[in-house]
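Report on the structure
Letter by letter, the chains look like this.
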Amino acid sequence: MTSNRFLAFLAGLLLLLATAHATPVDVGYRSPPDAIVELVDMAPPIEAFPAPGGDYLAMLSRPPLPLLVELAAPEARLAGLRFNPDNLAPSQPRYFSGIELIRVNGDELNVSGLPEPLRMLDLAWSPNGEHLAWLQLENDAVVLWRLDMDLASGQARAKRWGDRPVHAAWGRFGQGDMAWLPDSSAVIHRSVPAGRGEAPLRDLMPRGPVVTETRGRAAPTRTFQDLLSDSHDERLFEHHFQTEIVRVDLSGHTRVLEGPGVFTSFSPSPDGQYLLLTRLVRPWSYAVPVFRFGHEITVIGADGSEVFRLTRNPLADGLPIAFDAVIDGPRSAAWRADVDATLIWVEAADGGDPATEADVRDRLLQLAAPFDTAAQPLLESPFRIVWTLAGDGDTALVWQRWWDSRVERVSRLAPDHADFTPEIIWERNWEDRYGDPGVPMTRRDERGQTVLALDNGAVLLSGQGGSPEGDRPFVDRRDLASGETERLWRSASPHFERSLALLDIESRRILTQRESQHEPPDYFIRDLAAGDVRRLTHTEHPLPALREIQRELITFDRDDGVTLSATLLLPAGYDAERDGPLPTVIWAYPREFLSADAAGQLADSPYRFNRLSYWNAEFLVTRGFAVLNNVTMPVIGGDGLEPNDRFVEEITLNAEAAIAAGTERGVTDPERVAVGGHSYGAFMTASLLAHTDLFRTGIARSGAYNRSLTPFGFQREQRTLWDDTDLYVRVSPFFHAHRISAPVLIIHGAEDNNSGTFPMQSERLYQAIRGLGGTARLVMLPLESHGYRARESVLHMLYETINWLEEHLGPETSSEKIPWPPT
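Residues numbered from 1 in each chain as written. Predicted model: local features only at pLDDT ≥ 70, side-chain atom pairs only at ≥ 80, totals over all residues. Heavy atoms only, no water.

1. Quick look at the overall build of the protein chain
Put simply, the rule is: Numbering goes from the N terminus for both helices and strands, where a helix is a DSSP run of H or I of at least four residues and a strand is a run of E of at least two. Throughout, radius of gyration means the C-alpha value; the globule benchmark is 2.2 Å times the number of residues raised to the power 0.38. For every residue, the accessible area obtained with a 1.4 Å probe (protein chains only) is divided by the maximum for its type, and the residue is called buried under 20%, exposed over 50%, and partly exposed between those limits. Note on contacts: a residue pair is in contact if any heavy atoms of the two residues lie within 4.5 Å. All tallies of charge rest on Lys and Arg as positive and Asp and Glu as negative; His and the ends of each chain are not included. To locate a charge, the coordinates of NZ of Lys, CZ of Arg, CG of Asp or CD of Glu are taken.
In terms of helices and strands, the protein chain carries eleven helices and 45 strands. A compact globule built from 823 residues should have a C-alpha radius of gyration of about 28 Å, and the protein chain, at 28 Å, falls within 12% of that. With respect to the principal axes defined by its C-alpha atoms, the protein chain has extents near 75 × 70 × 55 Å. Taken over 823 residues, the protein chain has a buried fraction of 57%. Taking contacts inside the protein chain between residues at least 6 apart in sequence as the whole, the part at least 24 apart equals 60%. Each charge class in the protein chain was averaged separately, 79 positive and 115 negative side chains, and the resulting centres sit 3 Å apart.

2. Re helix H11 (residues 791-808)
The test is simple: Multiply 1.5 Å by the residue count of a helix minus one, and that product is the helix's expected span.
Its 18 residues give H11 an end-to-end C-alpha distance of 26 Å, which sits within 8% of 26 Å, the value for a rise of 1.5 Å per residue. The buried fraction of H11 is high, at 13 of 18 residues. Just beyond H11, the residue with positive phi is Gly810, at close to 105°.

3. Regarding the pattern of salt bridges
Rule in force here: Whenever a carboxyl oxygen of Asp or Glu lies within 4 Å of a side-chain nitrogen of Lys or Arg, that contact is scored as a salt bridge.
Counted by the stated rule, this structure contains 54 salt bridges. A salt bridge links Arg282 to Glu238, with the nearest nitrogen and oxygen atoms 2.8 Å apart. Of this pair, Arg282 sits in the loop between strand E17 (274-280) and strand E18 (295-301) while Glu238 is found in helix H4 (residues 231-241), placing the two residues 44 residues apart along the sequence. A relative accessible area of 46% places Arg282 in the partly exposed class. Each of the salt bridges in this network shares a partner with another, and the network as a whole consists of Glu258, Arg279, Glu296, Glu306, Arg309 and Arg312.

4. A few points about the sheet that holds strand E32 (residues 474-479)
Hydrogen bonding along the main chain pairs the strands of a sheet, whether they run parallel or antiparallel. The criterion, for reference: By the convention used here, strands pair only if DSSP detects at least 2 bridges between them.
Spatially, the four strands line up as an open sheet ordered E28-E31-E32-E33, and their pairing is antiparallel. In the strand order of this sheet, the two ends are held by strand E28 (439-440) and strand E33 (485-490), each with one partner. Two strands pair when backbone bridges link them, and strand E31 (residues 458-463) and E32 are joined in this way by six bridges, in the antiparallel orientation. Considered in E32, the bridge of Leu460 is made with Arg477.

5. Details of the nonpolar core
Note the cut-off: To qualify as a nonpolar core, a set must consist of buried Ala, Val, Leu, Ile, Met, Phe, Trp, Tyr and Cys residues joined through side-chain atoms within 4.5 Å.
Counting residues in each nonpolar core, the largest one holds 59 residues, and the members touching the most others are Phe556, Ile586, Leu628, Val631, Phe647, Phe695 and Tyr705. Among all residues touching Phe695, those that are not within four sequence positions of it are Ile586, Ala655, Ile659, Val673, Ala674, Val675, Leu688, Leu689 and Ala742.

6. A few points about the sheet that holds strand E38 (residues 550-557)
The cut-off we apply is this: As a rule, the C-alpha atoms of each element are fitted with a line to give its axis, helices using only the stretch in contact, and angles between N-to-C directions run from 0 to 180 degrees.
Strand order across the open sheet formed by eight strands is E38-E39-E41-E40-E42-E43-E44-E45, with mixed pairing between neighbours. Because the sheet does not close on itself, it has two edges, and the strands there are E38 and strand E45 (776-781). Taken over all neighbouring pairs, the strand axes of this sheet differ in orientation by 20° on average, direction set aside. Bridge analysis of strand E44 (residues 744-749) against E45 gives six bridges, and the strand direction is parallel. Within E45, the position partnered with Ile747 by the bridge is Val779. Packed on one face of the sheet, helix H7 (residues 647-664) meets E38, strand E39 (563-570), strand E40 (582-593), strand E41 (626-636) and strand E42 (668-678) and runs near 150° to E41. Each of E44 and E45 is contacted by helix H10 (residues 759-771), which is oriented at about 155° to E44, the strand it contacts most.

7. Re the confidence of the model for the protein chain
The test is simple: On a scale of 0 to 100, pLDDT captures the predictor's confidence in every residue.
Averaged over all residues, the pLDDT of the protein chain equals 92, while 95% of them reach at least 70. Taken together, the stretch residues 1-22 has pLDDT below 50 and engages in 22 contacts with residues farther than four places along the chain or on a different chain. Under a pLDDT of 50 for its full length, residues 812-823 has, in the predicted model, 26 contacts with residues more than four places off or in other chains.

8. Here's the deal with the environment of Pro209
Looking at the element boundaries, Pro209 is found in the loop between strand E13 (186-191) and H4. A residue is classified by how much of its surface remains accessible, and Pro209, at 74% relative accessible area, is exposed. As for Pro209 and Gly703, which are separated by 494 residues in sequence, their C-alpha atoms are 34 Å apart.

9. So, the pairing of strand E43 (residues 697-701)
The buried fraction of E43 amounts to five of the five residues, a majority that puts the element mostly inside the structure. Burial along E43 is two-sided: Thr697, Ile699 and Arg701 facing one way and Gly698 and Ala700 facing the other are all buried. Both E42 and E43 contribute to a ladder of five bridges, which runs parallel. The residue of E43 that forms the bridge with Ala674 is Thr697.

10. Let's talk about the packing of H7 against helix H8 (residues 680-691)
For any two helices packed against each other, one specifies the inter-axial angle together with the distance between the axes. Note the cut-off: Here the word oblique covers every angle except those under 35 degrees (roughly parallel), over 145 (roughly antiparallel) and from 65 to 115 (roughly perpendicular). Under the grouping applied here, Gly and all other residues not named as nonpolar or charged are polar, the nonpolar ones being Ala, Val, Leu, Ile, Met, Phe, Trp, Tyr, Cys and Pro and the charged ones Asp, Glu, Lys and Arg.
Two elements in contact, H7 and H8, have axes whose closest approach is 10 Å; the angle formed by their N-to-C orientations is 85°. In terms of orientation, H7 lies roughly perpendicular with respect to H8. On H8, the residues that touch Phe647, Val648, Ile651, Thr652 and Ala655 of H7 are Tyr680, Phe683, Met684, Ser687, Leu688 and His691. Looking at side-chain class alone, the contact of H7 with H8 contains eight nonpolar, three polar and no charged residues.

11. Here we look at unusual backbone geometry
The peptide bond linking Ala369 to Pro370 adopts the cis configuration, its omega dihedral lying at 15°. Backbone torsion omega between Ser493 and Pro494 reads 5°, so that peptide bond is classified as cis. With respect to the helices, strands and loops of the structure, Pro494 is situated in the loop between E33 and strand E34 (496-504). A positive phi angle is found at Ala79, which is not glycine, with a value near 55°. Despite not being glycine, Ser184 shows a phi value in the positive range, around 65°. If you trace the backbone, Ser184 turns up in the loop between strand E12 (178-180) and E13.

12. So, H10
Owing to its 3.6 residues per turn, the α-helix aligns residues three or four sequence positions apart on the same side. For H10, which comprises 13 residues, the first-to-last C-alpha distance of 19 Å matches the rise-based estimate of 18 Å (1.5 Å per residue) to within 8%. Within the span of H10, buried status applies to Pro759, Gln761, Ser762, Leu765, Tyr766, Gln767, Ala768 and Ile769.

13. So, the packing of helix H2 (residues 34-41) against H11
Put simply, the test is: With the far helix as reference, a near helix turned anticlockwise by less than a right angle produces a left-handed crossing, and one turned clockwise produces a right-handed crossing.
The N-to-C vectors of H2 and H11 enclose an angle of 140°; their axes lie 11 Å apart at closest approach. Classified by the interaxial angle, the pair formed by H2 and H11 is oblique. Considering only the axes of H2 and H11, their crossing is right-handed. Of the residues in H11, those touching H2 at Ile36, Val37, Val40 and Asp41 are Arg791, Val794, Leu795, Leu798 and Ile802. For the contact of H2 with H11, the residue count by class is seven nonpolar, no polar and two charged.

Structure below.
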């Protein structure tokens, strides 16, 4: 399509939309059948948090879904952040509501003094394991609490700690809200400055126009939301995010170490003598979110005085949109965990632009206290350095990656030996799950630092264990000098078991979580040296009736030979020969690959617990549908093509193969198949409805359908709208809405802040289908963002989905023949 044709088409469509007026109806919140409500109300699985030394664990529980009233709490939106201005916590926070302490021998500690209700935002064990600190969420503040362990008496007593509220509004953008000192004597956290005052009010009269200007400097940005928009937003941002860094000792005495300032991160050195700080600096931007703001990285001493300034990086509002683009300055600054006070950081050698030809892309450097000499180079890499893990002065591992080639390299350094030549431990295509060697296991040293666990010159690797028979997690011992690998343990049928943490390197004790199709996840201690295993928890099946649901991990091939997989779920008591084929729901999420071999690798286990999810399509099996869930939906590039060059063709091949697989098994009626997905899966759904006649109907949740609204790239696409206009039009279902003849249910969170999936995307697609005479239903969920949180919202989503599918897949749905729950 030429540029003129594109503009003419767009203008015509906009004119058409201008004449199409939706008639929204407030239907109130509805609920699905009780059996599905029970799925929603099941408590989430318990989470384990081992104490240093591995002798006991905190077992943490989360509440079921929050009620809508919690989502209706006050919310401010500034610089890409959403937070509650009343208590300075993240908006819609997730928290723990229950805690138990158990020894690895199975004995429980008696916990007393907990606040009611318990709402734990963040937790941290003291390095000596005698205290557990947490941030307690209250309506008007976040406050510091701790548990004091008395192992001799088997008691743990909770107490409120300190007199300053904690600033926890950064959420995922902040790098930790509190940190213990290495001697376990105190914690450090951000706090609201004393005497902060009230938030500034917006002037009744504007102070003047808001003016932005560009003069020849390319500054592409992806689509971000909740940005600063004027000087009042700037004042609000400074009011809410100006903090002090404070130290609270075990007696509760609080001392200010630094501030006020807009601090995004703070980290005590392993010896506790220094504090590494990242502080945002003006100018604030109206074009990019807070993680692109200018910042300075400094080190202060125990007395609060600045002893070293690493960098002052400017506002990064002009980064290239390529995935390997980084700032041109020191980044990823951290303490080397195995020594007292040595900084490590990364600097780009190519200006941060992956389009620049360069043999060296990144450099890794270190500098030891007192920071008065030149930095020591440790590694020069042709890729981006993404992670460094030190074990001791002779061994540190550095991960490097490059997006365009999907290459991952891991190098070994000897950071205390300047004459050591870095060694490549492995270099591989990170798309290859079957060849993934795993991730080195770590341990916490006596100062609470996470260091590489070393076993006489070897590391222990914990991996997912992708294989043609499904995921089989493992633990290997790899000798770093010879490269020889010894398998210490591998998950075996009929269980899916994975390693969670190394508890003791000497005895090779690990914490694992094990489950099977009919056994919910439980925790175990495995002694890899002795071969023993001991069960820690005994979780009852939350809904025994689910045992009757039939679940199978299946594989099948596309017409071009690429192997796909899916989880096939069939109703309890269903027999294909007796009952015949069923209406079927296919649920998927596309993923890009450069290699057909990697795209065809199995990415699940047949031994997962059959806990029906209400978030994807699994719950629909209780209504008599066959479900093909998590259908692999590869979009394959290579041979000079980017994956999206064949997006429509690729997802069509996948969909045809999935329908054929169900039909050949006799469980799918090919005339009654629905397709659905969330986010990029919704984009896929609308595309399949626009370009094929494979489906009777579709479910599209929180998607983006008009790629001209995300002109500087989307998902894993690095080309812009102006680089390839035809591509953006070709893959946008919005521009092909006249071809969508199958009915489509469109659901979206009314407050979606995910990059690119503006609520307007669903509204405009609905208006286009309506204006063109198609069949669609648009459901906008109040107060919800990209993932729906409130119980009322989720139940209504399920209600709408069930009603839509039972209407449009025909009246013969087998829910009438196969009752639920089974008797």
